[in-house]
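Each chain, letter by letter, is given below.
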Amino acid sequence: MVVYRSVGNIFWRLLAASTVLAAAATLSRAAHAAPQPPNVVLILIDDLGWADLGCYGSRFYRTPNIDRLAAEGLRFTQAYAACPVCSPTRAALLTGKYPARLHLTDYIPGERKTSKRKLLRPDFLQELPLEETTIAEVLRAGPYATAAIGKWHLGDEGFEPQRQGFDLAIGGGAAGSVRSHFAPYFLRDVRPLPGLAEAPQGEYLSDRLTTVAEKFIDDNRERPFFLYLPHYGVHTPLNGKNDLVKKYEAAPKPPGLQRNAIYAAMIESVDDSVGRIMSKLESLHLSENTLFIFTSDNGGLATAEAPNTPSTNNSPLREGKGYLYEGGIRVSLIVKWPAEIKPASTCAAPVSSYDLFPTIAEVCGQKIGTAIDGVSIRPLLKGKPAIDRESLYWHYPHYSPQGGKPGGAIRQGDFKLIEFYEQGRRELFNVVSDIGESTNLIDQEPERAKRMATSLAEWRKAVDAHMPEPNPQFVPDTQAADGTITLPAKTADIHGVMIRYEPLPHKDTIGFWVRADDWLSWDFVANAPGEFQLEILQGCGDGSGGSQIELNVAGQSLTTSVQETGGFQKFVPRTIGTVKLAAPGKYTLTIKPRSKPGPAVMDLRQVRLVKIAP
């Protein structure tokens, strides 16, 4: 009996040992199995300004969910859109290529006006070619489910997102905006939003897109997924939920020009969307293994373009959407990925939209298989301060609806050079020490400017950038039926270093006239010649009066002294004298300072030649 019990004990011990070993082997295999690739959520807001979020300094707009995203992730302070308007940036983001290389350099379809433009726009593609490889196609070739839910604006029939790697595509069409953000949903071209034709009356679009996105996450929670959620908000038309609009109308207005209650309501709605997506990921225990990216396609709309605009003010950045200044191209970029990103971190390295393609591909372990221009910013996610790249480039050979003119730009280190294609005029700024681009260093750093201009020209050649050509049908400012010729500030040609046109609606003026060497000119047409009274609409702050300016047209010169008006934005009309235009035809009027005793010459809103009755 003793021996029998001993054998039995040995048997049970062996059985227990084998069970333990089997369990250990199973655990070992599980431990060494390849981890599931991270999910990717990419949220793109339309026309969101760099300074429009609480975490980027706004004191009026309320963005608690996006601020939480930044607190849990990495916030980039010098991120850029690939273009100052939407379609090119979206193409660059999806392909990792420069818009100039893609030959998709303006919003689709672009501006077609020609007679009032000195340059003819170059041809550009009206769709993202199917031959281009998108990040959705790269990920779908692996284990990923892919979805594009929201704005597309990269082509019409035959070039839909389903043909560019997306398994699911809802709400995207050829047009870049909707007729209303409230249901029923129609694109600007009056076609219904794909997949959203059935919607409760009055439903809000960003809410509906978020609901569709949540369902996609639910349906694919057991496999890796790529969710591309490009909102139509906060693009015009400006429509906000009534209760939110009223809230912001009643809210205290902090110093500054961010005070548009409708726009603030729209921002809160897209912030709610971000919060809902974050909550959905958390409820499914997917947050830890999700690369979450939030950004914008260009700067905020800071000019008057549609009802209730301008949408925002991008201060301290200069200008906004449609311009190559920082306000037009610097954007928010927030990335959360707990696997590698330290919470509440920031990064000052300059990066661009086209860097997201290689970054996502690397993080997801997918090979790209095609040449691209972007650089993976994964080292920055891990805490490194910089990546190996010398320059960022922009090519925008178009006139924007917001007033921007054809040009290109390059950023190297702390410096950015802008070249305007109409005249070849250049401006150089240190955008780190001078974030508002107020001091043009072109005369102080001539060698740097020359090197950067050469690099920009060589880059344009390397990517086969299409350039605008002179417009033989260009018609400058013309004479009105009553004989008056009005020369507004926005059509002036700038000559010099510091002087500039300031397009924001509260200004609409020639300003920063702080150098006596800077001057202005206008080309105009007089169809009915004769004698004219020459008037200016000028403003001048206390202590800057007394500058002597000379106006010249058709060989006739008039000189006057600038008068103080109590402020540079307090404009007063003044009659300078009379001039005679002897024959019909084109003329040029110039204004040049002859002396400048104070800090500035003046601000100038317009010049008028008022015909004197015969």
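Here the residue index of a chain counts from 1 through its sequence in written order. Local features in this predicted model are restricted to residues whose pLDDT is 70 or higher, and side-chain atom pairs enter the listing and the counts only when it is 80 or higher, whereas totals over whole chains, interfaces and linings include all residues. Working from all heavy atoms in the structure, the side-chain values ignore hydrogens and water.

Focus on the overall build of the protein
Cut-off, in case you're wondering: The numbering of helices and of strands both runs from the N terminus, where a helix is a DSSP run of H or I of at least 4 residues and a strand a run of E of at least 2. Note on classification: 1.4 Å probe, protein chains only; a residue is buried when its accessible area is under 20% of the maximum for its type, exposed when over 50%, partly exposed between these limits. Every residue pair with non-hydrogen atoms within 4.5 Å of one another is taken to be in contact. Every accessible area reported is derived by Shrake-Rupley at a probe size of 1.4 Å, with residue values counting cover from the shown protein chains alone. In summary, the charge assignment counts Lys and Arg as positive and Asp and Glu as negative, without counting His or the chain termini. Lys charges are placed at NZ, Arg charges at CZ, Asp charges at CG and Glu charges at CD.
Counting secondary structure elements, the protein contains 12 helices and 26 strands. Based on the C-alpha atoms only, the size of the protein along its principal axes is roughly 135 × 55 × 50 Å. Within the span of the protein, comprising 614 residues, buried residues form 57% of the whole. By sequence separation, contacts in the protein at least 24 residues apart represent 70% of the contacts at least 6 residues apart. Surface exposure of the protein reaches about 25,000 Å², of which carbon and sulfur atoms provide 54%. Looking at the protein, you have 67 positive and 67 negative side-chain charges, and the mean spots of the two groups are 2 Å apart.

Focus on the packing of helix α7 (residues 242–250) against helix α8 (residues 261–283)
As a reminder of what qualifies: Axis geometry follows a simple rule: fit a line to the C-alpha atoms, using only the stretch in contact for helices, then measure angles between N-to-C directions, giving values from 0 to 180 degrees. In this scheme, roughly parallel covers angles under 35 degrees and roughly antiparallel covers those over 145, while 65 to 115 is roughly perpendicular and the rest are oblique. We call a crossing left-handed when the near helix sits turned anticlockwise from the far one by less than a right angle, and right-handed when that turn is clockwise. Polarity classes work like this: nonpolar for Ala, Val, Leu, Ile, Met, Phe, Trp, Tyr, Cys and Pro, charged for Asp, Glu, Lys and Arg, and polar for all others, with Gly in that last group.
At a closest axis distance of 8 Å, the pairing of α7 and α8 adopts a crossing angle of 125 degrees. By the criterion of interaxial angle, the relationship of α7 to α8 is oblique. Of the two elements, α7 crosses α8, and the hand of that crossing is right-handed. The segment α7 lies against α8, with Leu244, Val245, Lys247, Tyr248 and Glu249 engaging Ala261, Ile262, Ala264, Ala265, Glu268 and Ser269. Across the contact of α7 with α8, the residue classes break down as seven nonpolar, one polar and three charged.

Thoughts on the pairing of strand β22 (residues 548–553)
Here is the rule we go by: Strands are treated as partners if at least two bridges between them are detected by DSSP.
One ladder, built from six bridges, connects β22 with strand β23 (residues 556–561); its direction is antiparallel. Bridge pairing links Asn552 to Ser557 in β23. Between β22 and β23, which pair antiparallel in sequence order, lie two residues; one of them, Ala554, sits at a positive phi of approximately 55 degrees. One ladder, built from six bridges, connects β22 with strand β25 (residues 585–595); its direction is antiparallel. Note that in β25 the partner of Val553 across the bridge is Leu589.

Thoughts on the pattern of salt bridges
This is how it is decided: Salt bridges are defined as contacts in which a side-chain nitrogen from Lys or Arg sits within 4 Å of a carboxyl oxygen from Asp or Glu.
For the coordinates displayed, the defined rule picks out 41 salt bridges. Note that Arg68 is salt-bridged to Glu72, the shortest N-O span being 3.1 Å. Since its relative accessible area comes to 28%, Arg68 is described here as partly exposed. Overall, the relative accessible area of 26% leaves Glu72 in the partly exposed class. With a shortest N-O distance of 2.9 Å, Lys416 and Glu437 are connected by a salt bridge. You can see Lys416 sitting in strand β13 (residues 415–420) and its partner Glu437 sitting in the loop between β14 (426–430) and α12 (446–462), a full 21 residues away along the chain. Summarising the burial analysis for this pair, Lys416 and Glu437 share the class buried.

Structural notes on the sheet that holds strand β20 (residues 519–526)
Each strand in a sheet pairs with its neighbour through backbone hydrogen bonds, running either in the same direction (parallel) or in the opposite one (antiparallel). One open sheet holds the five strands; their spatial order is β17-β20-β25-β22-β23, and the pairing between them is antiparallel. The open sheet is flanked by β17 (493–495) and β23, the only strands paired with a single partner. Strand after strand, the sheet turns through a mean of 20 degrees between neighbouring axes, direction not considered.

Quick look at α7
What counts is decided by this rule: The arc in question is the one traced by the directions running from the helix axis out to the C-beta atoms.
All buried positions along α7 are accounted for by Leu244, Val245 and Tyr248. In a view along the axis of α7, the buried residues occupy a sector of 100 degrees, so they form one face of it. Across α7 from its buried face, at more than 90 degrees, point the exposed residues Asn242, Asp243, Lys246, Glu249 and Ala250. Buried residues along α7 sit against α8.

As for the confidence of the model for the protein
In low-pLDDT regions, the fine details of the predicted coordinates are not to be read closely. Under the convention used in this document: pLDDT expresses how confident the predictor is about each individual residue, on a scale running from 0 to 100.
Per-residue confidence for the protein gives a mean pLDDT of 94, with 94% of residues at or over 70. Note on residues 1–33: pLDDT under 50 across the span, and zero contacts to partners over four residues away in sequence or across chains.

Topic: helix α6 (residues 205–219)
Going by this rule: A helix is expected to span 1.5 Å multiplied by its residue count minus one.
With 15 residues, α6 extends 21 Å between its outermost C-alpha atoms, agreeing within 8% with the 21 Å of an ideal straight helix rising 1.5 Å per residue. The inward-facing, buried residues of α6 abut β4 (145–149), β5 (168–170), β6 (225–230) and α8.

Digging into empty space enclosed by the protein
Quick reminder of the rule: Grid points spaced at 1 Å over the protein atoms alone were grouped into cavities, where a 1.4 Å probe fits but cannot get out, and pockets, open sets with protein on both sides within 12 Å along at least five of seven lines, with lining residues defined by an atom within 4 Å of a point. Grid points are joined across faces, edges and corners, and a volume is the space filled by probe spheres set on the points.
Taken as a whole and judged by the stated rule, the model has five cavities of 30 Å³ or more. Tyr80, Thr295, Ser352, Ser353 and Leu356 are the residues nearest the centre of the largest cavity, which is lined by 13 residues in total. When the residues that make up the lining of the largest cavity are grouped by side-chain class, the tally is eight nonpolar, five polar and no charged.

So, the nonpolar core
Spelled out, the test is: Definition used in this section: a nonpolar core is a set of buried Ala, Val, Leu, Ile, Met, Phe, Trp, Tyr and Cys residues joined via side-chain atoms within 4.5 Å.
Formed by 58 residues in total, the largest nonpolar core has its most connected members in Ile149, Phe225, Leu227, Phe292 and Phe294. No other element matches α8, which puts 12 residues into this core. Excluding anything up to four places from it in sequence, Leu227 contacts Val40, Val41, Leu42, Ala147, Ile149, Ala213, Phe216 and Ile217. Val40, Leu74, Ile108 and Ile293 belong to the second-largest nonpolar core, a separate cluster that totals 44 residues.

Regarding the pairing of β4
Side chains on a regular strand alternate between the two faces of the sheet. The buried fraction of β4 is high, at five of five residues. Neither face of β4 is left uncovered, since the one carrying Ala145, Ala147 and Ile149 and the one carrying Thr146 and Ala148 both have all their residues buried. Sheet analysis places β4 next to β6, joined by four bridges and oriented parallel. By the bridge assignment, Ala147 is partnered in β6 with Leu227.

Some details on the packing of aromatic side chains
Pairs of aromatic rings are described using the distance from one ring centre to the other and the angle between the two planes. To keep things clear, this is the line we draw: Any two rings among Phe, Tyr and Trp, with Trp reduced to its six-membered ring, count as a pair given centres within 6.5 Å; such a pair is stacked if its planes are under 30 degrees apart, edge-to-face if over 60, and tilted if neither. Counted as over-ring charges are cases with an Arg CZ or a Lys NZ within 6 Å of the ring centre that also lie within 35 degrees of the ring normal.
Scanning the entire structure with this criterion turns up 17 aromatic pairs. Judged by centre distance (5.4 Å) and plane angle (70 degrees), the rings of Tyr61 and Tyr263 are edge-to-face. Placement of the pair is Tyr61 in the loop between β1 (39–45) and α2 (64–71) and Tyr263 in helix α8, with a sequence separation of 202 residues. Its relative accessible area of 1% is what places Tyr61 among the buried residues. On the basis of an interplanar angle of 80 degrees and a centroid distance of 5.0 Å, the ring pair of Tyr98 and Tyr354 is categorised as edge-to-face. Of this pair, Tyr98 sits in the loop between α3 (86–95) and α4 (99–102) while Tyr354 sits in the loop between β10 (351–352) and α10 (356–363), and the two are 256 residues apart along the sequence. This pair shows no difference in class: Tyr98 is buried, exactly as Tyr354 is. Site record: aromatic cluster; members linked through ring pairs are Phe60, Tyr61, Tyr248 and Tyr263. Of note, Arg75 hangs over the ring of Tyr56, and the distance from its end group to the ring centre comes to 4.9 Å.

Topic: the sheet that holds β13
Strand order in the open sheet made by the four strands is β11-β12-β13-β14, with antiparallel pairing throughout. Of all the strands in the sheet, just β11 (391–396) and β14 have a single pairing partner and so form its edges. Averaged over all pairs of adjacent strands, the angle between strand axes in this sheet comes to 10 degrees, irrespective of strand direction. With six bridges connecting them, strand β12 (residues 407–412) and β13 associate as antiparallel partners. From the neighbouring strand, Ile410 faces β13, where its bridge partner is Leu417. Along the sheet face, α12 touches β11, β12, β13 and β14 and points at about 65 degrees away from the line of β13.

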